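Structural characterization, general
Residues per chain are reported as follows:
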Amino acid sequence: MEQRAQLPVDLPHSNPTTSHWQDPPDPALCNYLSSETLPGEVVDTVIIGSGISGAAIAWNLLSGDEKSKNGDNGGKERRKKVVMLEARTACSGATGRNGGHTKAASYRSFPSNVKEMGLEEAKKIARLELDNIRAVHAFARGYGIECEGRECDTVDIIYDQAQWDECISAVQLIRESFTEPGDGEGVARYNLWTAEEAREKFLVKGTGTEGESVKGAVSYAAGSLSAYKFTIGVLQLCLGRGLELYTNTPVLSCSKGGEEWKIETRRGTIKAKRVVLATNGYSAFLVPELQGTVVPLRGQITAHRAGSGLPKSGLETTYSFIYKDGYEYMIPRPSSSLFPGDIVIGGGLVKAPKQGASEFGTCDDSTINGEISSYLHDTTATYFGSSWSEDHPEGRIRKEWTGIMGYSSDGFPLIGEFDKVKNRNLWLSVSFQGHGMVLCWICARALVGMMESQEKSQGNDALKGVDGLEWFPEAFGFSKERLKAPFMGRRHTKAGGGGREETSMGIKNEPGVA
């Protein structure tokens, strides 16, 4: 695994597979250019990346700027210039290529987080995840962003007895740990279902992909949306507040000269007082020190036409299917979508040779893995069994695609300033472990709080020194110490433990929810 982590990180490929969500792409923002040439003056902030992290960072910066202009200075303060650079089309990276899930599954990482960092920090992470889900859907409603947003329950169907036993234990720990008013209907609301109840209520009349029987299920609050449409909506709002967006403008390098940053692109050079990387799995291309710390991992997703036996109105919940060595995650598209009732299902990493080791370290989302593809094609009919009935007359598979995620050595995002001395004002919001839709939005808020604070100490001290960020997990803060840990694979994807198991092939990836 360490060898895979050291593979050189490249720019995003120019001809990626076509994501279900970007078919068709947004005509207004897809190839948007604020002008034919990059700004000639030194701008305040350059954000690299136009996914949900970049869009949320821009929104928070521009919203703060709007407030300052409307404050006591009579509106005379100069508007800060924020520029966003995107290597390909707008929101064409992981955000526009994900599974559409706003699902935390906090119970699965909570026991190991308690063990490693203590109860209070573990509780911060679980609360942040649920708050992020709620905030994203509330923002979409509040600003009228049409993105197929749906707040609903999700269910984890579990096919392995050890996983089921750990699920019960983890849910009990969650309930004992969260006792504040409202927790019982919020962060601690988990409903356990017996195998028979699960088969009937959630229509899983088939088996696991290895013939396993259902052992039980757990349901809790989650949701789904088109992250592509949501992020495009946020970018449109940001453009209205002064953001300059340059798509198809890959950044080749960033270098510091005095108090300014020099950003070289294929469209020319731009200078900035501050640079923010919202580049997730591609980050080590621009910051070589992140090589082996933020590791790309290619994920694969398919869109299935629903079987004739499933409800015509669509499934009521989103799903995950958890087995001994892996998992799949699944959402039904709502009636308001372009393809109502379609099922989007991804995962299957461990079904590739050597449990998917070849997917680590790759930046190539222009191709798919044939073994994973073949496996994912069969999943829906296998899990739903007789509930699935007949395939659609046009065939089961509508589309399949890949996307590049970013994983860290310790299993947490990297949020903060990279180097407050040599490379001051280089900021990171990266490495979201395939979990970005329940982390990125609020992490962006925290990052902007750090950037706007006069306290710019690094790592944990930075978080403690910024007023109003006591709620933010210290484990997410950037520190040079976090660069030293060797990369051993995905973490925090299994309840009741560290989330990974060594094997002779490298890493045995345990199930979780991407």
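Quick note: structure is the one above.
Throughout what follows, the structure given in this document is the object of discussion. One numbering rule holds for all chains: residues counted from 1, following each sequence as written. Selection of residues for local features in this predicted model requires a pLDDT of at least 70, selection of side-chain atom pairs for listing and counting requires 80 or more, and totals for whole chains, interfaces and linings are taken over all residues. For side-chain calculations, the full set of non-hydrogen atoms in the structure is used, while hydrogens and water are omitted.

Secondary structure assignment for the protein chain yields eleven helices and 18 strands. The C-alpha radius of gyration of the protein chain comes to 22 Å, within 12% of the 24 Å expected for a compact globule of 514 residues. Taken along its principal axes, the extent of the C-alpha atoms in the protein chain is 65 × 50 × 50 Å. Think of it in three bands: residues with accessible area under 20% of the maximum for their type are buried, residues over 50% are exposed, and the middle band is partly exposed, with areas taken using a 1.4 Å probe on protein chains only. In the protein chain, which comprises 514 residues, the proportion classed as buried is 60%. Under the convention used here, Asp and Glu are negative, Lys and Arg are positive, and both His and the chain ends fall outside the count. Lysine's charge is taken at NZ, arginine's at CZ, aspartate's at CG and glutamate's at CD. In the protein chain, the 58 positive side-chain charges and the 65 negative ones have mean positions that sit 3 Å from each other. We count a stretch as a helix when DSSP gives it H or I for four or more residues in a row; a strand needs E for two or more, and each element gets its number in order from the N terminus. The globule rule is 2.2 Å times the number of residues to the power 0.38, and the radius of gyration it is compared with is taken over C-alpha atoms.

Attention now moves to the environment of Thr45. Tracing the chain through its elements places Thr45 in strand S1 (residues 43-48). Note: C-alpha distance between Thr45 and Glu394 (349 residues apart in sequence) is 49 Å. When checking whether two residues touch, look at their non-hydrogen atoms; a contact exists if any pair is within 4.5 Å. Contacts of Thr45, omitting those with residues within four sequence positions, involve Leu61, Lys81, Val82, Val83, Arg274 and Val276.

For salt bridges, the criterion is a side-chain nitrogen of Lys or Arg within 4 Å of an Asp or Glu carboxyl oxygen. Tallying each qualifying case throughout the model produces 23 salt bridges. The closest approach of N and O atoms between Arg97 and Asp365, which form a salt bridge, is 3.7 Å. Residue Arg97 is found in the loop between strand S2 (82-85) and helix H3 (106-117), and its partner Asp365 is found in the loop between strand S13 (343-347) and helix H9 (370-384); the two are separated by 268 residues along the sequence. Considered together, Arg97 and Asp365 belong to a single accessibility category, that of buried residues. Of the charged contacts in the structure, one is a salt bridge between Lys124 and Glu121, with a shortest N-O distance of 2.9 Å. Within this pair, Lys124 and its partner Glu121 are both found in helix H4 (residues 119-142), separated by three residues, close to a single helical turn. For Lys124, a relative accessible area of 22% puts it in the partly exposed group. Where salt bridges share partners, they join Glu41, Lys81 and Glu244 into one cluster.

This part covers the side chain of Ser92. Looking at where Ser92 falls in the secondary structure, it is placed in the loop between S2 and H3. Its relative accessible area of 2% is what places Ser92 among the buried residues. Ignoring sequence-local partners within four residues, the contact set of Ser92 consists of Gln22, Glu86 and Arg97.

Here we come to the pairing of strand S9 (residues 268-277). Being paired, for any two strands, means DSSP has found at least two bridges between them. Where S1 lies against S9, five bridges are found, and the strand directions are parallel. Paired with Val43 across the bridge in S9 is Ala272. As judged from the five bridges shared by strand S8 (residues 260-265) and S9, these two strands associate in the antiparallel manner. Paired with Lys262 across the strands is Lys271, a residue of S9. By the bridge criterion, three bridges tie S9 to strand S16 (residues 426-430) in an arrangement that is parallel. Within the sheet, the bridge partner assigned to Leu277 lies in S16 and is Leu428.

Of all five residues in S16, five are buried; the element is thus mostly enclosed. Neither face of S16 is open: one carries Leu426, Leu428 and Val430, the other Trp427 and Ser429, and all of them are buried. Pairing analysis gives four bridges linking strand S15 (residues 414-417) to S16, with the strands arranged antiparallel. Counterpart to Gly416 in the pairing with S16 is Leu428.

Next up on the list: H3. When we look at burial in H3, the residues that qualify are Ser106, Tyr107, Arg108, Ser109, Phe110, Pro111, Ser112 and Asn113. Of the surrounding secondary structure, the elements contacted by the buried residues of H3 are H4, strand S3 (150-158), helix H5 (161-177), strand S4 (190-193), strand S5 (216-224) and strand S11 (318-322). Count one or two residues on from H3 and you reach Gly118, which has phi positive near 95 degrees.

Moving on, we come to the nonpolar core. Core analysis: the biggest nonpolar cluster contains 85 residues, and Ile57, Tyr107, Phe230, Trp441 and Phe476 have the highest contact counts within it. If sequence neighbours within four positions are ignored, Phe230 has contacts with Ile52, Val136, Phe139, Ala140, Ile145, Cys147 and Trp441. With 31 residues, the next largest nonpolar core counts Val83, Leu85, Tyr282 and Ile404 among its residues. Among buried residues, those of type Ala, Val, Leu, Ile, Met, Phe, Trp, Tyr and Cys that are joined through side-chain atoms within 4.5 Å constitute a nonpolar core.

What follows covers the packing of aromatic side chains. Two rings belonging to Phe, Tyr or Trp (six-membered ring only in the last case) form a pair when the distance between their centres is within 6.5 Å. Interplanar angles under 30 degrees mark stacking, angles over 60 mark edge-to-face geometry, and anything in between is tilted. Within the structure shown, the criterion is met by 24 aromatic pairs. Ring geometry for Trp193 versus Phe202: centroids 5.6 Å apart, planes at 85 degrees, classification edge-to-face. For Trp193, a relative accessible area of 21% translates into the label partly exposed. Between the aromatic rings of Phe472 and Phe476, the centroid separation amounts to 5.7 Å while the plane-to-plane angle is 85 degrees, which identifies the pairing as edge-to-face. Judged by relative accessible area, which is 1%, Phe472 ranks as buried. Taken together, the aromatic side chains of Tyr159, Trp193, Phe202, Tyr319, Phe321, Tyr383, Phe384 and Trp388 make up a single cluster linked through ring pairs. In this analysis the charged atom, NZ for Lys or CZ for Arg, is taken to sit over a ring once it is within 6 Å of the ring centre and within 35 degrees of the ring normal. Across from the ring centre of Phe178, 5.5 Å away, lies the NZ or CZ of Lys123, which sits over that ring. In this structure, Lys480 packs its charged tip against the face of Phe418, placed 5.1 Å from the ring centre.

Bringing the environment of Val114 into the picture now. Among the structural elements, Val114 can be located in helix H3. According to the relative accessible area criterion, Val114 is partly exposed, its value standing at 22%. Through-space distance from the C-alpha of Val114 to that of Leu286 is 34 Å; in sequence the pair is 172 residues apart. Dropping the residues within four chain positions of it, Val114 is found in contact with Leu119, Ala122 and Leu173.

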